[in-house]
Each structure stands twice: as C-alpha cells, then as structure tokens.
Amino acid sequence: MTDAIEQHFLNKVFASSGITREEMMQIIPRYKKVTFEKNDYLLKEGEVEKKYWFIESGFVRSYIIDTEGNDITFNLYASGDVVIDYPSMFFFAPTRENIQALTDCICWEINFESFQELFNTVLNYREQQRGLLVGSYFALKEHSISLIADQAKDRYLRLLKMKPHIVQNVSLKHIATFLGITDTSLSRIRKEIANE
C-alpha cells in the first residue's frame, strides 16, 4: 500500500503541503479516478457542485455565456490543477459556469462529504485546502485586475510565461476570450511577438 501511495498522482499534488505518509493513506482512498472525454461536462450551469477534481492529464475550461450570448472562457485548467466552483460547492448554490473537458482527461474526484470529513479530521489536509482556496482567490483577483489594467500583449505574455502548456494545447479562440480579446487581436499579438 505504501509504494502505491508514494507512486500515486495525488502524492505529487499533496507532497509539498507537509502532509505525512500516514495522512496520505487516509486521504488518497477518498479520491476516485474518473475519466472525461473531450467535450464532456464536469459541471453545467444551473447545477450545484457536489464534488471537485484534480486533473492528472488533459485540459479543462470553465466558461460563461455573456448577456449577448457569447461563450467566454473564464478559466483554463491543466495537469495538477484543481477544478472547482467554490461558491457552488460551499454555499450549495447553482453554478453560473459550465466546466468542460477540452481533451480526454483523467481526474481524481472527491465528493463533498468525503472532503468535509478529511477537512475536519486531517490538519495538514485542511491547511492544504485553505492554501488552494486562497491561491485561487488571488489568481482570480489578479486576472480580473489584469483585464482592466494591463495591455492585451502583456496579458498574453504573462499566460505564456506562467502556463506555456495551456498556450500550446488550448485553442486560440478559448485563450483569446480568457484574455478578454478577439481571435484576430490574439493572432496579431502572436505575430508581433514572433517578429521581435
């Protein structure tokens, strides 16, 4: 069992959190391996989220439909990321997002009851989950401010630096709406950078 735990994908996710091997043996069995095919929905607008996922492989996006009916990418996720709509999960509110697999994906899923039990009984797990929540909040705030305060080219360069695997594997259409620009503007920015 110990070798299996040490080789497990989630061990890599939790390794830097100070979670002990004994705690890991409590945590990992509570997660279930699930697969999603390209275009499958992990969560649809109007549903209440009752579980969340760590991505082992593949790419996922969350998107919303704006007031004019446009599909706007709200977030992009890849291996090692947690995919969750925090307000829906913790306030039992219907989500306003759609969360969809962009590729075939392997994920590790935990339901709310198991999460609550681990959160209340395993101190290092609780701290790791709090860290995820705070990190998610800061990333969202930084992205929101960037959409208002930064030039489109700077937003693209930041994404390229922080998440090159997203830029290499996700369609330009989704990247453009995530950055708050049109496909045409993104193509122009990419051409400009290539010519520098």
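Since this is a predicted model, take the numbers as computed values, not measurements.

Trainee: Now, about the pattern of salt bridges: what can you tell me, with residues and values included?
Mentor: Considering all chains together, one arrives at seven salt bridges under this definition. Two residues, R61 and D71, come together in a salt bridge whose shortest N-O distance is 2.8 Å. With R61 in strand 4 (residues 60-65) and D71 in strand 5 (residues 71-77), this residue pair connects regions lying 10 residues apart in the sequence. Judged by relative accessible area, D71 falls into the partly exposed class, the value being 28%. A salt bridge links E192 to K153; the nearest nitrogen and oxygen atoms lie 3.1 Å apart. With E192 in helix 10 (residues 183-194) and K153 in helix 7 (residues 152-162), the pair connects residues that are 39 residues apart, well separated along the chain. Note on E192: relative accessible area 38%, which makes it partly exposed. On the basis of relative accessibility, which here comes to 22%, the residue K153 falls in the partly exposed class. When salt bridges that share partners are traced, they join K153, E192 and E196 into one network.

Trainee: I'd like to hear about the nonpolar core, residue by residue, with values.
Mentor: Counting 36 residues, the largest nonpolar core has L10, F14, Y31, Y52, F54 and Y125 as the members making the most contacts within it. Residues contacting Y125, with those up to four places away along its chain left out, are F14, I19, I27, Y31, Y52, I110, F115, L118 and F119. The next biggest cluster of nonpolar side chains, apart from the first, holds 17 residues, and it includes L102, L159, I166 and L186.

Trainee: Please give an account of the sheet that holds strand 5 that cites residues and values.
Mentor: Pairing in this open sheet of four strands is antiparallel, and the strands run 2-7-4-5 from one edge to the other. Because the sheet does not close on itself, it has two edges, and the strands there are strand 2 (41-43) and strand 5. Within the sheet, the average angular offset between the axes of one strand and its neighbour, ignoring direction, is 30°. Alignment of strand 2 against strand 7 (residues 98-101), held across two bridges, turns out to be antiparallel. Residue pairing for strand 7: Y41 is matched across the bridge by Q100. Here helix 9 (residues 172-179) sits on the sheet in contact with strand 4 and strand 5, set at roughly 95° to strand 5.

Basis of the calculations
Residues numbered from 1 in each chain as written. Predicted model: local features only at pLDDT ≥ 70, side-chain atom pairs only at ≥ 80, totals over all residues. Heavy atoms only, no water. Salt bridge = Lys/Arg side-chain N within 4 Å of Asp/Glu carboxyl O. Helix = DSSP H or I, 4+ residues; strand = E, 2+ residues; numbered from the N terminus. Buried < 20%, exposed > 50% of the residue type's maximum accessible area, 1.4 Å probe, protein only. Core = buried A, V, L, I, M, F, W, Y, C linked by side-chain atoms within 4.5 Å. Contact = heavy atoms within 4.5 Å. Pairing = 2+ DSSP bridges. Axes fitted to C-alpha atoms, helices over the stretch in contact; angles between N-to-C directions.

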